[in-house]
Amino acid sequence: MRAHVVPDYEAMSAAVADVVAQSLAEEPSSVLMLPTGTTPLGMYRRLVEMHRSGDLSFAGATFFNLDEYLGLPPDHPASYHVYMKENFYGLIDADPARVFVPDGAAPDPEAECERYESAIKEAGGIDVCVLGIGRNGHIGFNEPGAPFDSRTRVVRLSESTRKVNAADFEADRAPECAITVGMATICESREVLLLASGTNKAGAVAAAVEGEVSESVPASMLKTHPNARLFLDEDAASDLGQGVVG
Ligand code: PGA
């Protein structure tokens with residue numbers, strides 16, 4: 001797992017957007033897996049700018065999102081459907097038939113998870129998986145303890161995650177459960193790019209990079225991946241010891 005440390009949030013966003021754009025330039029039919037949250041907003045802004053200036057088309061690509069809250073209809077303002085539409089899919093030339101976000105309101109969530117996992121397989125697996133990291137080390141909504149062999153499934157969110165995400169919801173109550181792509185599915189991606197910005201991620205980044213590979217720190221699994229890269233701003237890298245980055 002290589003870590004690229006750049007000065008600030010904008011530099012991190014630019015670096016990751018460039019890698020994604022390069023992948024699409026080389027292979028326009030790439031299959032991407034994408035995150036939500038605050039961290040990737042700068043990356044999405046840059047990719048949209050590249051598209052608007054005519055330098056980048058997403059028309060041949062396939063997109064999968066990492067996760068969605070359980071119980072939220074796709075038009076709920078705090079849903080990841082709405083987030084992705086407003087920040088990315090609605091602003092580029094993505095083919096709606098090749099945009100996949102788990103349906104949090106599916107009447108049979110287990111069947112939805114199976115359907116989602118099958119769709120990833122049918123697309124030929126993920127070429128580039130972009131991830132954020134939670135303060136507790138989660139990736140997607142794979143909270144600490146998530147089995148490394150897990151697949152797309154319904155999970156219970158940790159109290160700390162619900163607290164961090166509470167502001168998006170009325171009465172500050174985030175949903176208790178979500179659908180997330182599993183650890184094994186993430187790890188089978190041909191390339192993984194993890195973004196982290198800010199001192200509130202420094203502890204999780206250090207635990208993932210310098211600690212043992214352990215299910216108690218989900219992002220540590222990426223150390224077993226042959227082609228995983230971390231893009232960190234200096235604040236997110238501030239707990240890393242000397243000599244481990246470069
Ligand atoms: P954030 O979320 O980008 O909003 O910090 C990241 C995550 O929880 O994976």
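Everything discussed here concerns the structure shown above.
A quick note: this is a predicted structure, and the numbers were derived from the prediction, not measured.

Asks: Looking at this model, I keep getting lost on the nonpolar core. Mind explaining?
Replies: A general trend in soluble globular proteins is that nonpolar side chains are found buried together. Within the largest apolar cluster, 41 residues are counted, with the highest numbers of intra-cluster contacts made by Val20, Leu34, Leu47, Phe63, Phe88 and Val130. Those elements that place two or more of their residues in this core are α1 (9-26), β2 (31-34), α2 (41-52), α3 (80-87), β6 (128-131) and β9 (191-196). Among the elements that make up this core, the one with the highest residue count is α1 (seven residues). Look past the residues within four positions of Phe63 in its chain and what remains in contact with it is Leu32, Leu34, Phe58, Phe88, Tyr89, Ile92, Ala94, Arg98, Val99 and Phe100. Grouped together as the second largest cluster of nonpolar side chains are 36 residues, Phe64, Ile126, Ile133 and Ala206 included.

Asks: It is not clear to me how the environment of Gly60 should be interpreted in this structure. Could you clarify?
Replies: Take Gly60: it is sitting in the loop between α2 and β3 (62-65). Distance in space between the C-alpha atoms of Gly60 and Ser13 is 23 Å, their sequence separation being 47 residues. Each residue touching Gly60, except ones within four places of it in the same chain, is listed here: Pro28, Ser29 and Arg98.

Asks: What exactly am I supposed to notice about the side chain of His138 here?
Replies: With respect to the secondary-structure elements, His138 resides in the loop between β6 and β7 (153-156). Of the polar contacts made by the side chain of His138, one reaches the side chain of Glu143; its length is 2.8 Å. For His138, the side chain forms a polar contact with the side chain of Thr161, separated by 3.3 Å.

Asks: How should the site of the ligand be read in this particular structure?
Replies: Residues in contact with the ligand, as listed here, are Gly37, Thr38, Thr39, Gly132, Ile133, Gly134, His138 and Lys201. Separating an oxygen atom of the ligand from a side-chain N or O atom of Thr39 is a distance of 2.4 Å. Bound to the protein, the ligand loses 77% of the 280 Å² it would expose on its own. Here the shell around the ligand is built from residues that sort into one nonpolar, six polar and one charged.

Asks: How should I be thinking about the pattern of salt bridges in this particular structure?
Replies: Opposite charge on two side chains allows them to pair when their charged atoms are near. Going through the model one piece at a time under the given rule, you end up with nine salt bridges. Between Asp95 and Arg98 there is a salt bridge; the shortest N-O distance is 3.4 Å. A residue is classified by how much of its surface remains accessible, and Asp95, at 24% relative accessible area, is partly exposed. One salt bridge connects Arg115 with Glu112, and the closest N-O pair in it is separated by 2.8 Å. Of this pair, Arg115 and Glu112 both sit in helix α4 (residues 109-122), separated by three residues, roughly a single helical turn. Each of Glu117, Arg151 and Glu188 takes part in one network of salt bridges that share partners.

Definitions and limits used
Residues numbered from 1 in each chain as written. Predicted model: local features only at pLDDT ≥ 70, side-chain atom pairs only at ≥ 80, totals over all residues. Heavy atoms only, no water. Core = buried A, V, L, I, M, F, W, Y, C linked by side-chain atoms within 4.5 Å. Buried < 20%, exposed > 50% of the residue type's maximum accessible area, 1.4 Å probe, protein only. Helix = DSSP H or I, 4+ residues; strand = E, 2+ residues; numbered from the N terminus. Contact = heavy atoms within 4.5 Å. Polar contact = N/O pair within 3.5 Å; in protein donor to acceptor, adjacent residues only side chain to side chain. Near = heavy atom within 4 Å. Areas by Shrake-Rupley, 256 points an atom, 1.4 Å probe, with all protein chains shown as cover. Nonpolar A, V, L, I, M, F, W, Y, C, P; charged D, E, K, R; others polar. Salt bridge = Lys/Arg side-chain N within 4 Å of Asp/Glu carboxyl O.

That's the geometry; what it means functionally is another story.
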